[in-house]
Number of protein chains: 4
Amino acid sequence: MVRVAIIGASGYTGAEAIKIILGHSEAELTYLTALPEECGPVETVFPQFKGRCGMEIEPLDMEEIGGVADVVLCCLPHKVSMGFVPKLLGAGLKVIDFSADYRLRDPQVYETFYQEHTDKANLANAVYGLPELFRDEIAGADLIANPGCFPTGAVLAIAPLLKEGLIEPDSIIVNALTGSSGAGKNPSVKFHFPNMNENVFPYGIGVHRHMPEIEQVASDVAGCNVKVLFQPHAGPFDRGILSTVYCRPSREIGNEKLLKLYDDFYRREQFVRVRTDAPGVKDVVGTNYCHVFAAAVKGRIVAFSAIDNINKGASGQAIQNMNILFGLDETEGLK
Amino acid sequence: MVRVAIIGASGYTGAEAIKIILGHSEAELTYLTALPEECGPVETVFPQFKGRCGMEIEPLDMEEIGGVADVVLCCLPHKVSMGFVPKLLGAGLKVIDFSADYRLRDPQVYETFYQEHTDKANLANAVYGLPELFRDEIAGADLIANPGCFPTGAVLAIAPLLKEGLIEPDSIIVNALTGSSGAGKNPSVKFHFPNMNENVFPYGIGVHRHMPEIEQVASDVAGCNVKVLFQPHAGPFDRGILSTVYCRPSREIGNEKLLKLYDDFYRREQFVRVRTDAPGVKDVVGTNYCHVFAAAVKGRIVAFSAIDNINKGASGQAIQNMNILFGLDETEGLK
Amino acid sequence: MVRVAIIGASGYTGAEAIKIILGHSEAELTYLTALPEECGPVETVFPQFKGRCGMEIEPLDMEEIGGVADVVLCCLPHKVSMGFVPKLLGAGLKVIDFSADYRLRDPQVYETFYQEHTDKANLANAVYGLPELFRDEIAGADLIANPGCFPTGAVLAIAPLLKEGLIEPDSIIVNALTGSSGAGKNPSVKFHFPNMNENVFPYGIGVHRHMPEIEQVASDVAGCNVKVLFQPHAGPFDRGILSTVYCRPSREIGNEKLLKLYDDFYRREQFVRVRTDAPGVKDVVGTNYCHVFAAAVKGRIVAFSAIDNINKGASGQAIQNMNILFGLDETEGLK
Amino acid sequence: MVRVAIIGASGYTGAEAIKIILGHSEAELTYLTALPEECGPVETVFPQFKGRCGMEIEPLDMEEIGGVADVVLCCLPHKVSMGFVPKLLGAGLKVIDFSADYRLRDPQVYETFYQEHTDKANLANAVYGLPELFRDEIAGADLIANPGCFPTGAVLAIAPLLKEGLIEPDSIIVNALTGSSGAGKNPSVKFHFPNMNENVFPYGIGVHRHMPEIEQVASDVAGCNVKVLFQPHAGPFDRGILSTVYCRPSREIGNEKLLKLYDDFYRREQFVRVRTDAPGVKDVVGTNYCHVFAAAVKGRIVAFSAIDNINKGASGQAIQNMNILFGLDETEGLK
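These numbers come from a predicted model, not from an experiment.

Participant: Mind laying out the overall build of chain A, listing which residues take part and the relevant values?
Facilitator: Each helix and strand counted, chain A has 12 helices and 15 strands in total. Across its three principal axes, chain A shows a C-alpha extent of roughly 60 × 45 × 40 Å. The buried share of chain A, taken over its 335 residues, is 63%. Sequence-distant contacts in chain A: of pairs separated by 6 or more residues, those separated by 24 or more amount to 70%. Of the roughly 11,400 Å² of accessible surface on chain A, a fraction of 48% belongs to carbon and sulfur atoms. When the 30 basic and 41 acidic side-chain charges of chain A are each reduced to a single mean position, those positions are 7 Å apart.

Printed below as a string of structure tokens:
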């Protein structure tokens, strides 16, 4: 049994990770931590676990964690995470980090969108944990940067096109709509029910931190420098991201060839399903699946993907990475 | 033109009152106040008023208000309101108070559910502003206690029965479900979108402050001491209260007679509509209407009412009271 | 492996049953049927199963089913079910029936609320499948009448009180609020999104078919004739039933004793959790759990329960029954 | 008083038009018609009008309508409308048509997306009723083609840029998200509450009928041939369209200049508000307002608009057109 610790277990991604591991036949939760004011029995912190999990969420004890876990799901916020990861790695643990701290290869880009990077040593060795694209590197990693929810949806929507060199590299526009859980657990004016309900609004115009991340990964897949305009929106539903990606093809391609290209690219993938019609987020909510569909429209390609932002966009993908890391069936706990 | 000031204009009831008065042909807004940190152009505080209202919400200046207004809609919270009302009355203003501070005739009951009452003098002269039941008293009042949202829905649902002495006085159970706007404008864990969405929960079990208010008004209408068990719930919608009231009839009554009783009782009312089927909250949202329906079921009577909690349950009813107070058509601004 | 057939697999309860059994380690789906016009690959009928289930939903072939299954989950509608059940039993299959056809012991009651009963022979041998109350009978049954969603929630909320003889038998009022999935898969005016969204309404006033079912089960538990007034409402959320049950205690009981009574009663249950505060439906949605809470209020008891109407209220409970029937761990596939 | 008839009054746009005209001080409803099976008292067809409108919706009598109305709001579906409009015009009535039948100047384009056009004579004289762009033509028209909801939002979002020649004409992508009321009143699988709730999905990929309409109007404003890729999505809310429009500027422009351009362009408009931040649909729902905002992002311009699809996107805009047509204050009934 793989022994799993979750640091920052009191948020939405923590809850989802707990839920998945409770149903995982080859991994077990051994240690759950959070800030002192958010500790307590799992049953109390998350009433939905009443009777399903008898564990306690405790303040982190760095002495203890090395002895009780093989891998840490580090669900800390950006900027906080890199304060803990070096110690966790130092304790001999594998780390799957949910924050953005190890996703952007170039510290300067990180520092433009976040702050000074204080752990460049480990950054250099981190592997970007999108299994459909970087499975081999993941298998041998000590530190996995679990992808952002928007980059996961955006890149999976167009990876076959990028790989094939089919996209004009400066033509990509990612229009995404996320459910409200993406905003996290802390109450705020924007996500107060009477504000968010019956509403939809754009945010992060021109400055969202997932923009450089999408560009980096898309460029990696394309093998050339790709520019992306990314515009997120929030809508009145709990979970799910629908990504609508517009791009110009570098050569003409019809719908049949598009479908074949996607089918071939994702043929061996367990969690990406190529649709022949447009997906809705409800088709994937609660699962680690990503549904994709692409069509040629008026000289452009419009590609769609739907994922659950907390599952495939965070905790499900982390477990998928963990399964790869420990040589388990990649789908264990996720089907 | 009746000159209207709103104190505490930055909340949901303030916004609704502004909206109604903007469409009122015989009243005009002259003064809007709020706590300093919530002041600013109405357009900024409430984006939905962009281009519709050029006024500013300002900190309250008690010197100024007497000269610019005839009536004050006092949208302050419970306990705060009674600190301001005496001065407003002293400045010669009519006051329609949205808080609970002047609703409970017996200060001891108030003090059980709230705190020490510091303005018993005015309490003694306040009139409970439910026009369908106390229209004559409202017309001559200086201080109107605008009813709570739950009491409005609950009492209108069964007033014909109470008046007729048709209810066993200890048999009344009010089961109410409110939209989330009832919780007010401040973000909170319970009403954070990812918590409230796809959820419904009871609250205030046995201790909700509207329980004694319902009892007082129901007793007034019945002419005897009436006991009420009141249980509120919150649901995933913005606005509206559905009240389902269960009671035992003191003598047998069939559905036809029930309908006739309700029809007769509300015949002259402009804002209460007797239905021949069950109302939904969507039938009344955005209006000052209350839809009611009653049926005899297995030896009991089940009565339903639907109101908009912010409109008929607060600001619409306040304007209705204002219209009565100033001898205007009761429906002005509300149809 | 228990071989499971689902008849009527194309509806919401069918989909939930498929999902649960896919994760069940000792049962496997062997046969899925539906009306011809609703047949096709599971992946097509339910896009959420893309890549998760390669089976086909086929028209029912009564010759075939006997050879490929040990148990049938019969998800047919009321009145239709009893046309198939005798043949299924005749083919040597265990049957767990989701309809109301075998729930009401007295055919006359059935005929008042539904139509003529055409399979009284099997009705006499059917066991009501609420495991928390009738586990022993379930274990030896051939035909299990899977309980209605409302009766499940209502009875579990007050079973400890009923068993203890603590309720005045004519004092019970069940006020329930269900999510929209309770209305089934077929589009209708009432459940058209623009009608149901931001709405809540009562229905089935005085005539809902779950009323006699609740009365029968409550009477069985109480050991005396119990009368119940049941009033359902529909609200703008997918899943979940919140039941608020009002009753008069036959003798005084305080909150501490109530809690102890509930704790003792449900101590050994895996799927009922006694809360110390009020549950919300979101605490149980997606699970087979029932959360209950009771409080003494003004001379009455108010008891609450929350369940997922499609899971504990239908398919989850059916699998729980199946597990009992085949001597498996009762929680298999459900945790 | 302008006498208004509504044909096809039983749908969502009919209800909204009724509501607006009930509050209009210089227009009155004189005749409401619908298909025979949808006729009846307004109070019955739309419970929200109980006590607010005593009229009857009747089957259309073409003899009668000429004598009782000055203007007809023709809320019939596409293809049906052009069967009635010639007769209405022949009866001397002004017609504001809600369908697409008179919006596309080129019958061939119409016939590609709809069917054969059977009233080309009137098509040639119809005026496209977007007051902010074509006010003068509207004032003298007999037949106004009331714009589609998506074209209204899309074109208002970028009209200042188009007018100024600031957009590369083949670079426009309109990504729109509409509330469910856009699908109309008839129940359907896609908009069944349990399907649409917690969901968001794209539709009409590459083939939506509003695409040529947006192109035509955008080309008119730009004075050159403009190509538009239009992709609509549906989301889990009642009302509102958020349009996110991406385009390439033909010359560089910064955010300050963009704001000034928009401010200047819309300075005299009563119903378009230029925002300095991104609008949400909740800021405009229930009103005839359109909120717009534009920003320069990574070499592109991203422009946003929010409207209420049934109000500014249909019935509100129709009344705005009617006000212009009859020389009334353009905002009458709409503020």
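Don't stop here, the text continues.
Participant: An account of the interface of chain A and chain C is needed here, citing residue identities and associated values.
Facilitator: Facing 17 residues of chain A, the contacting portion of chain C comprises 17 residues. Together, the buried faces of chain A and chain C total about 1,500 Å²; carbon and sulfur atoms form 52% of this surface. Along the contact surface separating chain A from chain C lie 2 salt bridges. Here K282(C) makes a salt bridge to D238(A), at a shortest N to O gap of 2.5 Å. Linking chain A with chain C are 7 residue pairs in polar contact (both at pLDDT 80 or more), by the criterion used here.

Participant: How would you explain the pairing of strand β2 (residues 27–33) of chain A if you had to name every residue and give the values?
Facilitator: Residues in a regular strand point their side chains to alternate faces of the sheet. Residues and elements named next belong to chain A. Counting buried positions along β2 yields 5 of 7 residues, so the element is predominantly enclosed. Regarding topology, helix α1 (residues 12–22) serves as the crossover connection from strand β1 (residues 2–7) to the parallel β2, and that connection is right-handed. Both β2 and strand β4 (residues 56–58) contribute to a ladder of 2 bridges, which runs parallel. Note on β4: the bridge partner recorded for L32 is I57.

Participant: If you had to explain the packing of α1(A) against helix α12 (residues 311–325) of chain A to someone new, which residues and values would you point to?
Facilitator: All names here are of chain A. Running from N to C, α1 and α12 cross one another at 45°; their axes reach a closest spacing of 9 Å. Taken as axis vectors, α1 and α12 run oblique relative to one another. Crossing of α1 over α12 shows right-handed handedness. Counted together, T13, E16, A17, I20 and I21 of α1 and N311, A314, S315, G316 and I319 of α12 form the full contact between these two elements. Per-class residue counts for the contact of α1 with α12 are 5 nonpolar, 4 polar and 1 charged.

Participant: If you had to explain the domain arrangement of chain A to someone new, which residues and values would you point to?
Facilitator: All names here are of chain A. Segmenting chain A into domains produces domain 1 (2–125) and domain 2 (149–308). Placing a centre on the C-alpha atoms of domain 1 and another on those of domain 2 gives a separation of 26 Å. In this assembly, 15 residues from domain 1 lie in contact with 12 residues from domain 2. Note on domain 1 versus domain 2: buried area summed over both sides is about 1,300 Å², and carbon and sulfur give 46% of it. Interface area lost by domain 1 to domain 2 is led by Y12, R103 and F113, which between them contribute 44%. Linking domain 1 to domain 2 there are 3 salt bridges. Between R103 and E213 there is a salt bridge, with the nearest N and O atoms lying 3.0 Å from each other. The tally of links from domain 1 across to domain 2 stands at 7 residue pairs in polar contact (both at pLDDT 80 or more). Of the residues assigned to the side of domain 1 that touches domain 2, the class counts are 7 nonpolar, 3 polar and 5 charged.

Participant: Provide a residue-level description of the sheet that holds β1(A), including the pertinent values.
Facilitator: All names here are of chain A. Taken together, the 8 strands give an open sheet; going across it, the order is β3-β4-β2-β1-β5-β6-β8-β7, and neighbouring strands pair in mixed fashion. Only two strands of the sheet have a single partner each, and these edge strands are β3 (40–41) and β7 (127–128). Note that β1 and strand β5 (residues 71–74) share 4 bridges and pair parallel. The residue bridging I6 from the neighbouring strand is L73, located in β5.

Participant: Go over the packing of aromatic side chains, please, and point to the residues and values.
Facilitator: Under the counting rule described, the total for this entry stands at 35 aromatic pairs over all chains. Ring plane angle 80° and centroid distance 5.9 Å describe the contact between F46(A) and F49(A), whose orientation is recorded as edge-to-face. The pair F46(A) / F49(A) is uniform in exposure class, with both members buried. Note on Y262(B) and Y266(B): the rings are 6.5 Å apart at their centroids and 55° apart in plane angle, and the pair reads as tilted. Of this pair, Y262(B) and Y266(B) both sit in helix α11 (residues 255–266), separated by 4 residues, roughly a single helical turn.

Participant: An account of the side chain of R300(B) is requested, with residue identities and associated values reported.
Facilitator: Position of R300(B) relative to the elements: it lies in strand β15 (residues 300–307). At 6.0 Å, D170(C) is the nearest oppositely charged side chain to R300(B), a buried residue that forms no salt bridge. Of the polar contacts made by the side chain of R300(B), one reaches the backbone oxygen of D170(C); its length is 3.4 Å. Among all residues touching R300(B), those that are not within four sequence positions of it are C247(B), R248(B), P249(B), A295(B), D170(C), S171(C), I173(C) and L229(C).

Participant: Any chance you could break down the environment of H210(A) for me, citing the residues and the numbers?
Facilitator: Residue and element names in this part refer to chain A. Looking at where H210 falls in the secondary structure, it is placed in helix α10 (residues 210–222). The exposure class of H210 is buried, given its relative accessible area of 8%. For the pair H210 and A234, spaced 24 residues apart in sequence, the C-alpha separation works out to 15 Å. The contacts of H210, once residues within four sequence positions are left out, are R103, G148, C149, F150, P151 and F230.

Participant: Can you explain the relation of the copies chain A and chain C? Please cite residues and give values.
Facilitator: Structural alignment of chain A on chain C gives an RMSD of 0.0 Å, achieved by rotating through 180° and translating 0.0 Å along the axis. The operation mapping one copy onto its partner corresponds to a two-fold rotation axis.

Participant: Break down the pairing of strand β1 (residues 2–7) of chain C for me, with residues and values.
Facilitator: Residue and element names in this part refer to chain C. The element β1 is extensively covered by neighbouring structure, given that 5 of its 6 residues are classed as buried. As defined by bridge partners, β1 adjoins strand β2 (residues 27–33) across 6 bridges and the pair is classed as parallel. Opposite A5, over in β2, you have Y31 as the bridge partner.

Participant: Can you lay out the nonpolar core for me, pointing to particular residues and giving the numbers?
Facilitator: Counting residues in each nonpolar core, the largest one holds 131 residues, and the members touching the most others are L73(A) and L73(D). Beyond its immediate chain neighbours, meaning those up to four positions away, L73(A) contacts V4(A), A5(A), I6(A), I7(A), A17(A), I21(A), I96(A), F98(A), A318(A) and I319(A). Grouped together as the second largest cluster of nonpolar side chains are 89 residues, F98(B), I57(C), F98(C) and I324(C) included.

Participant: Requested: an account of the side chain of E330(C), with residues and values cited.
Facilitator: Residues and elements named next belong to chain C. Along the chain, E330 falls in the segment after α12 (311–325). Given a relative accessible area of 14%, E330 falls into the buried group. Dropping the residues within four chain positions of it, E330 is found in contact with P131, R135, F271, Q320, N323 and I324.

Participant: Break down the sheet that holds β15(B) for me, with residues and values.
Facilitator: Residue and element names in this part refer to chain B. Taken together, 7 strands build an open sheet; the order of strands is β10-β11-β9-β12-β15-β14-β13 and the sheet is mixed. Of all the strands in the sheet, just β10 (201–202) and β13 (272–274) have a single pairing partner and so form its edges. The pairing of strand β12 (residues 241–247) with β15 spans 7 bridges and is antiparallel. Within β15, the residue paired with T244 across the bridge is F304.

Participant: Which residues make up the environment of H24(A), and what values go with them?
Facilitator: All names here are of chain A. Take H24: it is sitting in the loop between α1 and β2. With 310 residues separating them in the primary sequence, H24 and L334 have C-alpha atoms 7.8 Å apart. Those residues in contact with H24, other than ones at most four positions away along the chain, are I319, M322, N323, L328, E332 and G333. Within the structure, the side chain of H24 is placed 3.0 Å from the backbone nitrogen of E26, a separation counted as a polar contact. For H24, the side chain forms a polar contact with the side chain of N323, separated by 2.8 Å.

The rules behind each value
- Residues numbered from 1 in each chain as written.
- Chains lettered and ligands numbered in written order.
- Predicted model: local features only at pLDDT ≥ 70, side-chain atom pairs only at ≥ 80, totals over all residues.
- Heavy atoms only, no water.
- Helix = DSSP H or I, 4+ residues; strand = E, 2+ residues; numbered from the N terminus.
- Buried < 20%, exposed > 50% of the residue type's maximum accessible area, 1.4 Å probe, protein only.
- Contact = heavy atoms within 4.5 Å.
- Areas by Shrake-Rupley, 256 points an atom, 1.4 Å probe, with all protein chains shown as cover.
- Lys, Arg positive; Asp, Glu negative; His and termini not counted.
- Charge placed at Lys NZ, Arg CZ, Asp CG, Glu CD.
- Buried area = accessible area lost by both parts, 1.4 Å probe.
- Salt bridge = Lys/Arg side-chain N within 4 Å of Asp/Glu carboxyl O.
- Polar contact = N/O pair within 3.5 Å; in protein donor to acceptor, adjacent residues only side chain to side chain.
- Right-handed = clockwise from strand over helix to strand, strands pointing away.
- Pairing = 2+ DSSP bridges.
- Axes fitted to C-alpha atoms, helices over the stretch in contact; angles between N-to-C directions.
- Parallel < 35°, antiparallel > 145°, perpendicular 65-115°, else oblique.
- Left-handed = near helix turned anticlockwise from the far one by under 90°.
- Nonpolar A, V, L, I, M, F, W, Y, C, P; charged D, E, K, R; others polar.
- Domains from an automatic or database assignment.
- Phe/Tyr/Trp six-rings, centres within 6.5 Å; stacked < 30°, edge-to-face > 60°.
- Least-squares fit on C-alpha atoms with pLDDT ≥ 70 in both.
- Core = buried A, V, L, I, M, F, W, Y, C linked by side-chain atoms within 4.5 Å.

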